[in-house]
Structures are given as structure tokens and as C-alpha cells.
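Here is what each chain is made of, one letter per residue.
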Amino acid sequence: MLERIIFHVDVNNAFLSWSALEILKSGGKTDIRTIPAVVGGDEKERKGVVVAKSYPAKKAGIMTGEPIYLARRKVDKLYVVKSDRKKYVEYSNAFYKILCKYSPLVERYSIDECFLDMSGMQKIYKNMVQTAYELKEEIKKQLGFTVNVGIANSKLCAKMASDFEKPDKVHTLFDSEIKDKMWPLNVDDLFMVGKRTGKRLHEMGINTIYDLAHADVNMLITRFKSMGKTMHEYANGIDNSSVGKVKPKNQGIGHSTTLPEDVSDLASLKKVLYKLSCMVGVRLRAQGKLAMVIYVQLKNGGFISYGHQKKLISPISSDEDIYDVSCELLKSMWKGDPIRLVGLRVSDFTNKSYEQISLFEEAGKAKKRDKVQKAIDEINKKYGINTIKSAALLNNQNE
């Protein structure tokens, strides 16, 4: 049987590296990859959170996700650059183009990492490790940034390998190396084990990947349901997923807003949801879609995020329906803490409209509401987005 050979190629510190290259191209003299530097949002709009950091910044204790004003306290002269999504996409496309020269099967896992299926390519590339070095060097020479390459017999182990020592490295984690290279690692280092899950595993006395690999799988399933079985398989290096051109997923439609100041009353939060419902609703209907899932996200003054979602019986698309459900979620989830960010997202789309008829509700009520919404959209499209609004929606907002 043909041996599977999978590469996982991960750009080192992608956003920071790509921003550094743009600065150098525009005449800048300092490579911000060599100094304490971060990529972040606009501090004036309270979106100043660290998105990416240089290695010197990391050594200074700066963490991704922390407010930039806190990061500045850790470094005397911290270089801050705004993120540039458009440029990042350009670099990502150039990165992907080079990878496609090495294999016909390249899967874009994210903007800065890809999987390559190198199985059956041994006749072209005699030494896969040497080939990984050649790929790494070509990217550095042609594009100016470095990558890590993980080589393994599965996607899981290839990704784990690429996360070993950084930057600008090639690592292997073949099935024969799992015992020595992966099992001694902290269980938190296993792909898909998050902070909460890691904490629960440690409380159960499962501290290393070895411990997880040798734990009772039925006990794990009892504690973590289907995820328990998956974690057990991953800990043993079992992953049969294939590399392939991934079709774009239904990512949903959403908007979020960072508030000028923390908000601590329900009425104000509902006003924010009102605006978000209108923004999301317009985009949803423009695509001719209806949504089956509504999700509301909150981030408090301590930068802790939490959210709830609801799976609906009948799909919706009107601003009023989206707002009603989002307010319902808000009331059930909000802890009374000061809120700095509110987000609203709709997903699980369908083109078909159907309604669960209630004994206490007039049949076809949703259809009538959708007709009114369509008329409102047409007027707003012609005369301006806020020319006319739903009276029912405004009344609900003011309650």
C-alpha cells in the first residue's frame, strides 16, 4: 500500500511578517520582525487589541488578544501597525501559488497555512525532507517570509509537527515517531484541545498526550461525548481525513460593533441589536436567503467573550424576526456585566420558506411580514437606507 505523505506549511507570524514586508517595500528602514512590534486595531475606536506579535514582543510577555495599551506597558517603545486584510490576501495567494508547484492536491486550511498531499510523489521527489527544505527556501527567497513545514503520514501529525520549534524549520512526525515526539507533550498541545477541555483533562489526571492515548475511551466518551472519541484517536495519531480542494463553507452573515464606552443596561444593548439586526437582515435578503440559526456574541470590559445561539423551527429573514430572536438570546445570556462589544450572526441558510403553524398564531403571518419587509427594502434601496423602518420593530426596541 502506498505510504501517505502529508505536508503542513504554516507561515511564521503571518500578519506581522506581511506587514513588515509592506513597510520595507515602502521605504522603511527597520524590519519590525526584529523589534517588539504588534499588529492591532484602531486604539481610538477601542478596537486596539493585539492580533499578531513579533518574537521579541512575545519574549516581552505580550499576548495575542490583549489590549494594546496593556502591551505598551510591557515594552518602552512598542511598534504598532494596523492590519491590512487586502494585502494579507495578496501574500496568501502568492504563498498558495508556490505550493501548487509541488503537489496537485493543496488544501487551504486558513489564510496562512495549507496542507499538501505528497503521496505518490516519491518518483519526482526522492527525499521528502529535502523537498520540504527546498519549498521553505523558495518561499523565503521569492516572497520574503519564512514558514514551518511539518511532514507526517496524516494531516493531524503534519499540523502537530509544524507547531514544533519555530521559526523557519522543518519537522517530521511520522507514525513511528509518535511515541517519542508527541506522547511526552502536554495534553494542551494536542490539536483541538482548548483551554477548557485541557483544564478538565488535567482535573481528571490526564496531563500528557500519552495519558490521553492510554485513557479508557468509554470514560472519555461519557465525559466529552463524541469529542472524547476523537481526542483519543488524535492522541494515538489516528486521522484518516484526506487533503483536497475544500468547498467554501456556509460561513453565515454577521456584524459586530465595539461600543464607544462599556454598556451596563439592557435597553442600550437592545438598541445595538436593533441596528445589527437591520444590517444583517439587509445582507441576508440581498442574497435571497433565510436563516435557521441566530447567534449573539458579547464581550465584556475584561475582554471575556461569550455567546448563545438558537436553532429555529422556521427560517427567517425579516429584521423584526432577527431582532426578536436576538433579544431573546440577549436576555437569557447576559450576566449584567459591562459590555464593550456586541455581535450578531445568522447562518444555516435555506432558500425555502416554511412556517411552523401555531394554534395561537395566524397562519401565514411570516409571509405577510416578509412582504412588508420586502416593500421596506425596496423603498430604502431607492431613497436611502433609513428612509422607512418597521413600526413593529421600533416599538419592540422601545419596550
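Check the entry above for the structure.
Residues numbered from 1 in each chain as written. Predicted model: local features only at pLDDT ≥ 70, side-chain atom pairs only at ≥ 80, totals over all residues. Heavy atoms only, no water.

1. Some points on the overall build of the chain
Convention followed: Secondary structure follows DSSP: runs of H or I at least 4 residues long count as helices, runs of E at least 2 residues long count as strands, and numbering of each begins at the N terminus. Note on contacts: a residue pair is in contact if any heavy atoms of the two residues lie within 4.5 Å. All accessible-area figures derive from a Shrake-Rupley calculation using a 1.4 Å probe, and residue coverage is judged against the displayed protein chains alone.
Counting its regular elements, the chain contains 15 helices and twelve strands. Looking at the chain alone, contacts between residues at least 24 apart form 61% of all its contacts between residues at least 6 apart. Surface accessibility of the chain: about 21800 Å² in total, with carbon and sulfur atoms responsible for 53%.

2. Section: the side chain of Ser277
This is how it is decided: Buried residues are those whose accessible area, probed at 1.4 Å on protein chains only, stays under 20% of the maximum for their type, while exposed residues exceed 50% and partly exposed ones sit between those limits. Definition of a polar contact: a pair of N or O atoms within 3.5 Å, with one able to donate and the other able to accept a hydrogen when the atoms are protein atoms, and with sequence-neighbouring residues admitted only if both atoms are side-chain atoms.
Within the secondary structure, Ser277 sits in helix α12 (residues 266-286). A relative accessible area of 0% places Ser277 in the buried class. Here the side chain of Ser277 touches Leu273 through a polar contact of 2.7 Å, landing on its backbone oxygen. With residues up to four places along the chain from it excluded, the contact list for Ser277 reads Asp319, Ile322, Tyr323, Ser326 and Leu344.

3. Considering the packing of helix α10 (residues 217-224) against helix α11 (residues 226-235)
Heads up, the condition is: Only the stretch in contact is used when fitting a helix axis, every axis being a line fitted to C-alpha atoms; angles between N-to-C directions are given from 0 to 180 degrees. Put simply, angles under 35 degrees are roughly parallel, angles over 145 are roughly antiparallel, angles from 65 to 115 are roughly perpendicular, and the rest are oblique. Each crossing gets its hand from how the near helix is turned against the far one by less than a right angle, where anticlockwise is left-handed and clockwise is right-handed. Following the grouping adopted for this structure description, the nonpolar residues are Ala, Val, Leu, Ile, Met, Phe, Trp, Tyr, Cys and Pro, the charged ones are Asp, Glu, Lys and Arg, and the polar ones are all others, Gly among them.
Put simply, α10 and α11 touch, their axes get as near as 6 Å, and they point 135 degrees apart. Accordingly, the angle class assigned to the pair α10 and α11 is oblique. The crossing of α10 and α11 is right-handed. Across from Val217, Leu220, Ile221 and Phe224 in α10, the residues of α11 making contact are Ser226, Met227, Gly228, Lys229, Met231 and His232. Of the residues assigned to the contact of α10 with α11, the class counts are six nonpolar, three polar and one charged.

4. Some words on the state of the cysteines
Where we set the bar: When the sulfur atoms of two cysteines come within 2.5 Å, that pair is taken as a disulfide.
As enumerated under the stated definition, the model contains zero disulfides in all. Unpaired in this structure, Cys100 has its nearest cysteine sulfur neighbour in Cys114, at a distance of 7.7 Å. Judged by relative accessible area, Cys100 falls into the partly exposed class, the value being 32%. By relative accessible area, which is 1% here, Cys114 ends up buried.

5. Topic: the environment of Gly65
For Gly65, the position within the fold is in the loop between α2 (55-59) and α3 (68-74). Between the C-alpha atom of Gly65 and that of Gly48, which follows or precedes it by 17 residues, the distance is 9.3 Å. What Gly65 contacts, discounting residues up to four positions off in sequence, is Val49 and Val50.

6. Considerations on the pattern of salt bridges
Formally: Whenever Lys or Arg places a side-chain nitrogen within 4 Å of a carboxyl oxygen from Asp or Glu, that contact is recorded as a salt bridge.
This model, assessed by the stated rule, comprises 20 salt bridges. Of the charged contacts in the structure, one is a salt bridge between Glu90 and Lys87, with a shortest N-O distance of 3.5 Å. Remark: Lys87 and Glu90 occur in helix α4 (residues 85-99); sequence separation between them is three residues, near one turn of the helix. The class for Lys87 is partly exposed, based on a relative accessible area of 27%.

7. Section: the sheet that holds strand β4 (residues 79-82)
Our working definition: The criterion for strand pairing is that DSSP finds at least two bridges linking the strands in question.
Taking strand neighbours across the sheet as the criterion, the three strands line up as β3-β2-β4 in an open arrangement whose pairing is mixed. Each edge of the open sheet is held by one strand with a lone partner, namely β3 (50-53) and β4. Strand-to-strand twist in this sheet, taken as the mean axis angle between neighbours without regard to direction, amounts to 30 degrees. Bridge count between strand β2 (residues 37-40) and β4: four bridges; the pairing is parallel. Bridge assignment links Ala37 to a residue of β4, and that residue is Tyr79. On top of the sheet, helix α1 (residues 14-25) reaches β2, β3 and β4; it is set at about 100 degrees to β2, its chief contact.

8. Let's talk about the packing of aromatic side chains
Worth spelling out the cut-off: The aromatic pairing rule takes the rings of Phe, Tyr and Trp, using the six-membered ring of Trp, and pairs them if the centres are within 6.5 Å, calling planes under 30 degrees apart stacked, those over 60 edge-to-face and the rest tilted. For a ring to carry a charge above it, either NZ of a lysine or CZ of an arginine must fall within 6 Å of the ring centroid while also lying within 35 degrees of the normal to the ring plane.
For the structure shown, the criterion picks out twelve aromatic pairs. Judged by centre distance (5.7 Å) and plane angle (75 degrees), the ring pair of Trp18 and Phe145 falls under edge-to-face. In this pair, Trp18 is assigned in helix α1 and Phe145 in the loop between α5 (128-143) and β7 (147-152), connecting sequence segments 127 residues apart. Considered together, Trp18 and Phe145 belong to a single accessibility category, that of buried residues. With centroids separated by 6.1 Å and ring planes inclined at 25 degrees, the aromatic side chains of Tyr102 and Tyr125 adopt a geometry described as stacked. On the criterion of sequence distance, the pair formed by Tyr102 in the loop between α4 and β5 (106-110) and Tyr125 in the loop between β6 (113-117) and α5 is long-range, its members being 23 residues apart. Given a relative accessible area of 8%, Tyr102 falls into the buried group. Relative accessible area serves as the criterion here: at 15%, Tyr125 is assigned to the buried category. Counting every residue linked through ring pairs, the aromatic cluster contains Phe15, Trp18, Tyr88, Tyr91, Phe95 and Phe145. Its end group placed over the ring of Phe115, Lys155 keeps NZ or CZ at 5.0 Å from the ring centre.

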